[in-house]
Structure formats: C-alpha cells, structure tokens
Amino acid sequence: MTHRDIALLLADAADEVEIGIAPTQAVLRGGRRRRARRWAVATATALVIAGTSGAVAVAGLPGGGEPGQVATEPSPERRNLSFPERTTLATGTEDGKGWRVMVDVWPAPRNEAEADTVWNAMADFGQHPPEAKVPSELIGRITYFVHRRYGDEQTTVMENTVPESETHSGRDLVGGAVTLEPREDGPVRLAIGSVAKSAQRVGCAWKDGTRTVVQRDPAGTVTGTDHLAIRPAEGSPFDWFVCLAPKGTEFRNAEVTR
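Residues numbered from 1 in each chain as written. Predicted model: local features only at pLDDT ≥ 70, side-chain atom pairs only at ≥ 80, totals over all residues. Heavy atoms only, no water.

Novice: I'd like a description of the overall build of the protein, backed by residues and values.
Specialist: Each helix and strand counted, the protein has two helices and 14 strands in total. When burial is assessed residue by residue, the protein has 50% of its 258 residues classed as buried. Accessible surface for the protein amounts to roughly 12,000 Å². Of this, 48% is attributable to carbon and sulfur atoms. (Helix = DSSP H or I, 4+ residues; strand = E, 2+ residues; numbered from the N terminus. Buried < 20%, exposed > 50% of the residue type's maximum accessible area, 1.4 Å probe, protein only. Areas by Shrake-Rupley, 256 points an atom, 1.4 Å probe, with all protein chains shown as cover.)

Below is the structure:
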C-alpha cells in the first residue's frame, strides 16, 4: 500500500474530526512591488492578489492541470516527512453531492537527506512541487497543495512552494476562484485564498452585486467545516478562507476587510 493510499484511508477515518495562481508578473503587497512566485492552478479562471496598500491585481487563466485547528512547530523527533499535514478548510452539499476543500502542507526539509525524503514522499502522493527541479531546492521551503473534491472526484486547484518564513500581514490576500464542479466551462463560484493570521474578516463579492462575509471563529470556539470561516491549517504560515457564490452568479473579487 502506498503512502497516498494510507493517507487517504486516514483522511477518511478522520473525516468528522476538526484538526487540522497562475503565473502573474508581480504582486502589490504591503505597498511595495515584489516578484510573484509561480502559482499553478487547475481550472482557474480568476486570480486575486491584494495587499495592505489596497491595490488589487486580477488575471484570467485557462484551465490547467484532515483536519486541525492550530499550526504548531513540531519538535525534531516528531517531524513526519513522509506525509503532508492535511486540513479540511470547508465542506458542503449541493444537488445531493458533497463537496470539500482541503490543503496538504509538506514540511520544509532542513538538509539534503530530508529533502530527498520529502521529494520521494510527494511522488508517492502523485504531487510535485512547482518549479523545484531537484530535491535540494525544497530545503527551507514548505509546499502546499489545495484540493477540491466534488462527489467522488478530487482535483488539485492550487499549489505553491514558499520559504518557511513566508507570512502575510495586514490585508494581504492571495487566492483564486474555480468552478465548484470539476469542469472548466461551469460558473466560477468557489473562492479560496490565504490571509494573514491576524485577518478577522474576508468579503467575497459576486457578479450579481451580493456579498458573502467570512469571519474568524471567536477564540475558544470550534465550528464544523460546513460553517465557512477563516481557519488555520497545520503547517501553514498563513490562514485560509473559502467562499461559495450562490447559484446563478459568479466570483467578482475578494478582500480582507478587517
């Protein structure tokens, strides 16, 4: 049985437990321009990158390609390099089919031996770090893959490799929008993104003029993933949100409002 087979079995067993984009030239973040790292997105048609300056970049793209609450730094003896940390970010049901958004976060290797281990484990999961050509390029960097499951079909919709020290601050928001169903010609209704750990509220605007507000759960409370909220993800240096547009409309933009 492969690592992927085992991980999927474990994910299904923990299904009810709450644990834990596309190339663009530049992003405006914190009021200064910086080179954008590559984002690979499958079936994405919109990319939104916003910063504390309030500037927003939007780019259209063609189609491409469980769970915990608080991310903590594992002690060296507890580091597991052969499996990603999987966090379910959101779940729901539409037209009798369940849907789910999950993020897998792979730890940052500290040396070449650890990099080889992570590289080979990713391959067992059918995952490959974007832009990394050799295992050593993973040293000091985490890699994450965002998956959308609709019914029985699962698709990777976002992936990125970033320095372990990477953070968001203020109103930084990096994310995109994809179809809820795994098809490229459907309405773009599912917005997914990462925000600073200090972000308290995200507003998702839809083309029909309506808006969905997603907030961070109050401290000390735990809600099911069918309640859309800003959530931490195990191993991730930033937090995550998911919004779903009502039927009959599509994604327009998203921003951190508090």
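Novice: With reference to specific residues and values, describe the sheet that holds strand β14 (residues 251–256).
Specialist: Reading across the sheet, the three strands line up as β12-β11-β14 and stay open at both edges, with antiparallel pairing between neighbours. Looking along the sheet, the strands with just one partner apiece sit at the ends: β12 (211–215) and β14. Strand-to-strand twist across the sheet, computed as the mean angle between neighbouring axes with direction ignored, equals 15°. Sheet topology note: the strand β11 (residues 201–206)/β12 ladder contains five bridges and is antiparallel. Bridging across to β12, Cys204 finds its partner in Thr212. (Pairing = 2+ DSSP bridges. Axes fitted to C-alpha atoms, helices over the stretch in contact; angles between N-to-C directions.)

Novice: Hey, could you go over the pattern of salt bridges for me, with residue numbers and the actual values?
Specialist: Side chains that carry opposite charge are capable of pairing whenever their charged atoms lie near each other. This structure, assessed with the given rule, holds eight salt bridges. Salt-bridge contacts for Arg183 lead to Glu181; the nearest nitrogen and oxygen are separated by 3.8 Å. Two residues, Asp239 and Lys197, come together in a salt bridge whose shortest N-O distance is 3.0 Å. One end of the pair, Asp239, is in strand β13 (residues 239–244); the other, Lys197, is in the loop between β10 (188–195) and β11, with 42 residues separating them in the sequence. A relative accessible area of 2% means that Asp239 is categorised as buried. Among the residues examined, Lys197 registers a relative accessible area of 41% and is labelled partly exposed. A single salt-bridge network, built from bridges that share partners, covers Glu181, Arg183 and Asp185. (Salt bridge = Lys/Arg side-chain N within 4 Å of Asp/Glu carboxyl O.)

Novice: Requested: an account of the sheet that holds strand β8 (residues 153–163), with residues and values cited.
Specialist: Read from one edge to the other, the open sheet built from four strands follows the order β5-β6-β7-β8, with strand pairing classed as antiparallel. Looking at the sheet topology across the chains shown, the edges are occupied by β5 (85–94) and β8. Pairwise comparison of adjacent strand axes, ignoring direction, gives a mean angle of 15° for this sheet. Bridging between β5 and strand β6 (residues 97–106) involves nine bridges; their strand directions are antiparallel. The residue bridging Thr93 from the neighbouring strand is Gly98, located in β6.

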